[in-house]
Each structure stands twice: as structure tokens, then as C-alpha cells.
Amino acid sequence: MTESANGGGGLYAISDLHISYPENREYVENLQPDDPADWLIVAGDVAERFLDVAWALHTLRSKYAKVIWVPGNHELWTPKSDQVQSRGEQRYRQLVELCRKLDVLTPEDPFPVWQGTSTDADGGVVIAPLFVLYDYTFRPPGTNSKEEGLAAAARAGVMATDEAMLHPDPHPSREQWCEERVAESERRLADRPEGLPTVLVNHFPLTEEPTRALRFPEFAQWCGTTRTADWHKRFDAQVVVYGHLHIPRTTHEDGVRFEEVSLGYPREWSRRGQAPKPRRILPAS
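This section reports on the structure supplied with the text. From a predicted model like this one, the values you see are computed outputs, not experimental measurements. (Residues numbered from 1 in each chain as written. Predicted model: local features only at pLDDT ≥ 70, side-chain atom pairs only at ≥ 80, totals over all residues. Heavy atoms only, no water.)

## Some remarks on the overall build of the chain
Scanning the chain from terminus to terminus reveals nine helices and 11 strands. Relative to the globule expectation of 19 Å for 285 residues, the C-alpha radius of gyration of the chain, 18 Å, shows essentially globular dimensions. Seen through its principal axes, the chain has C-alpha atoms that stretch 55 × 40 × 40 Å. The 285 residues of the chain split such that 59% are buried. When contacts within the chain are restricted to residue pairs at least 6 apart in sequence, those whose partners lie at least 24 apart make up 74%. (Helix = DSSP H or I, 4+ residues; strand = E, 2+ residues; numbered from the N terminus. Rg over C-alpha atoms; globule rule 2.2 N^0.38 Å. Buried < 20%, exposed > 50% of the residue type's maximum accessible area, 1.4 Å probe, protein only. Contact = heavy atoms within 4.5 Å.)

## Some details on the side chain of D82
With respect to the secondary-structure elements, D82 resides in the loop between α3 (73–76) and α4 (88–102). For D82, a relative accessible area of 5% corresponds to the buried category. Within the structure, D82 has its side chain in polar contact with the backbone nitrogen of V84 (distance 3.2 Å). The contacts of D82, once residues within four sequence positions are left out, are E48, R49, F50 and R91. (Polar contact = N/O pair within 3.5 Å; in protein donor to acceptor, adjacent residues only side chain to side chain.)

## Looking at the side chain of N73
The topology assignment puts N73 in helix α3. Polar contacts involving the side chain of N73 include one to the side chain of H203, which spans 3.2 Å. Ignoring any residue separated from it by four or fewer positions in sequence, one finds N73 in contact with D45, D162, L166, H203, F204 and H244.

## Things to note about the environment of Y92
In this fold, Y92 is placed in helix α4. Residue Y92 is classed as buried on the basis of its relative accessible area of 0%. Residues Y92 and L76, spaced 16 residues apart in sequence, show a C-alpha to C-alpha distance of 6.6 Å. Y92 has contacts with W69, P71, L76, P107, E108, F131, W177 and R181, leaving out every residue within four places of it along the chain.

## Focus: the pattern of salt bridges
The final tally for this structure, using the stated rule, is 21 salt bridges. R227 is paired through a salt bridge with D135; the nearest N and O atoms lie 3.7 Å apart. Taken together, the residues span a long stretch of sequence, with R227 in the loop between β7 (198–201) and α8 (231–234) and D135 in the loop between β6 (125–129) and α5 (146–156) at a distance of 92 residues. As a salt-bridge pair, R187 and D191 come within 3.6 Å of each other at their nearest N and O atoms. When salt bridges with common partners are traced through the structure, they connect E89, R93, E108 and R181 into a single cluster. (Salt bridge = Lys/Arg side-chain N within 4 Å of Asp/Glu carboxyl O.)

## Concerning a positive patch on the surface
There is a patch of like positive charges on the surface, built from R215, R267, R271 and R272. Summarising the element assignment, R272 is placed in the loop between α9 (266–269) and β11 (279–282). (Patch = residues over 30% accessible without salt bridge, like charges linked within 9 Å, V, L, I, M, F, W, Y side chains within 5 Å. Areas by Shrake-Rupley, 256 points an atom, 1.4 Å probe, with all protein chains shown as cover. Lys, Arg positive; Asp, Glu negative; His and termini not counted. Charge placed at Lys NZ, Arg CZ, Asp CG, Glu CD.)

## Quick notes on the packing of aromatic side chains
Pairs of aromatic rings are described using the distance from one ring centre to the other and the angle between the two planes. Counted according to the given criterion, the structure contains seven aromatic pairs. Ring centres 5.6 Å apart and planes at 85 degrees place the aromatic pair Y134 and Y136 in the edge-to-face group. When its relative accessible area of 0% is taken as the criterion, Y134 is described as buried. Note on Y134 and F204: the rings are 5.5 Å apart at their centroids and 75 degrees apart in plane angle, and the pair reads as edge-to-face. With Y134 in the loop between β6 and α5 and F204 in the loop between β7 and α8, the pair connects residues that are 70 residues apart, well separated along the chain. Residue classification places F204 among the buried positions, given a relative accessible area of 1%. Aromatic ring contacts, followed pair by pair, group Y92, F131 and W177 into a single cluster. Here R25 stacks its cationic end above the ring of W55, 3.9 Å away from the centre of that ring. Seen from the ring of W39, K66 lies directly overhead, with NZ or CZ sitting 5.6 Å from the centre. (Phe/Tyr/Trp six-rings, centres within 6.5 Å; stacked < 30°, edge-to-face > 60°. Lys NZ or Arg CZ within 6 Å of the ring centre and 35° of its normal.)

## Section: the nonpolar core
Ranked by internal contacts, the top residues of the largest apolar core, which has 66 residues, are L17, V42, L57, W69, L133 and L200. Not counting residues up to four positions away in its chain, the partners in contact with L17 are N24, Y27, V28, V42, G44, D45, V46, L60 and L263. Within the second largest apolar cluster, 18 residues are counted, among which are I41, W114, V199 and V201. (Core = buried A, V, L, I, M, F, W, Y, C linked by side-chain atoms within 4.5 Å.)

## A look at the sheet that holds strand β4 (residues 66–69)
Backbone-to-backbone hydrogen bonds pair the strands of a sheet. The strands run either parallel or antiparallel. Taking strand neighbours across the sheet as the criterion, the four strands line up as β4-β3-β2-β11 in an open arrangement whose pairing is mixed. Across the chains shown, the open sheet's two edge strands, defined by having one partner strand only, are β4 and β11. The average undirected angle you get between the axes of adjacent strands in this sheet is 30 degrees. Against the sheet, helix α2 (residues 50–61) engages β3 (39–42) and β4, with an angle of about 150 degrees to β4. (Pairing = 2+ DSSP bridges. Axes fitted to C-alpha atoms, helices over the stretch in contact; angles between N-to-C directions.)

Take it as geometry only, folks, not as evidence of what the structure does.
In C-alpha cells form, the structure reads like this:
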């Protein structure tokens, strides 16, 4: 465990930067912290191409005192246009190595402890970046299996690009990769220091409830796993941070604050007038 005091800055979060869009790349270029001591959580979907991910994380690390990254599905794609053609586990490990060269924390590093000027816990809060995939258990209404869920999605004209571009190699399936990641994440969370609350960070929502707001409910099956449904209670979460849905909002479950922190595509954030700043996670408003 890395004990890391932040000297009074805030803990902020953003996800789904999608910097292949020029407007979003400009957003990252122009982004400035409120305080040089601020920490930034980047909750996945920075970009699809390896060098774009590198540029964005390097740019953000030059601005923030600490940057913490978790992978989204887009980083794990293998686009034909990418100079790096690795797949699955190998691609994820290459991204982790990239982050280490950039001094960016990942789900493979010791959990840092954020200590701000005003937290609800003595001694700080454990920031737990997680890499947990999905296993098709967030099923569309009226379906009882992966096969039924995919069939319902096909009928609705909804199909995730992951099916063609997110390869689970060397795992036989995305579900089995997800199962492995769940087990590893549970082990690490169980070993966290006792007595400190957590901020759980994952690209995909940890509970199914946020997917109820999706315009196309069939898409939920690419959004998480029921295996993590009680983690916010089991692992003493003060806040849960996620993205993926492109529905930025604050909600509460079982008295725990959930923050969806997506920037999203320009056509989405422009409807709201302007691109949102990173969400302040702690100190709480």
C-alpha cells in the first residue's frame, strides 16, 4: 500500500475522454486543475489507439499531482489502424507498462491513500482502481441467458463494437476474463488496510441500477457483472466512480454515493451547452 498525502488538493474524476474527436483532444489540451495538488481519476475510454492513450495520459500527468487510470473497453480494442496490434491480456499489460513509464497509477499498482484537507475519515481514503469487465449478466428485460440477451439485442439493432474488436486472448471468452478479474480484484480489496473507507473506481458500473437509464436497455449486457453488486457495501465504499454509460450524474445506493463521470462524445456534451469539468469526488460538496 502506498501512503500518499496530497497536500490539500482535491480528488477529481473524469472518464470517456474519446480523444479521437478533435473537440475532446482540445478539451484535454486545455484542461487545468483547480489546484496543483489535485489528483485526477481517469475512469477509462481515453482512446482506441495506443499512442493516443499515451498522449492523453502524459498530458494529464503534466498537469495533475497524481493521475489514476483504469481501462475502458475502448482502450482494449484492437483497431486495424493502430500501430500496436496486441490483443486482450497482452494489450492490457502493455497499457499498464505505458502508465508506469508515465507515472500514472493502474489497477496493478498498490492502492494509494488520498488525504485531503476535509475527509470524512481519519487517516484518509483508499483509492481502489479496478479492472473488472462484463459477463453478460446485466440482461435485457425478459431474457434469462446470454444467448437470449444477444438475440434481443440483434432484434433491436443494438450490438456492441466489443463483439468484433475487444478480444479476450488468451482467455476463451470475455466472461472468463471477467471472472479472473473479479477474483483478483476481490483479493486485493480484501487485503486493503482496515479502518479506511474506499473510493472504488471501475470503467463499468459495479451495480446494474445505473443501466436502467439507458435508452436501449439491450446494451446493459456489455456494462458489467452481477458479481460486483454488493462491493460498495462489502468494501466500505464512500464513493463509487464509473463511466461507460455517457450519462453523467450523481446517484445513491444503500447510502453510498455513485458518480458517473463521462465526458462523452462532442454531440453529447454539446447538447448540455459545454464540456463538463472533471467531477470533484472529495472533499464532498
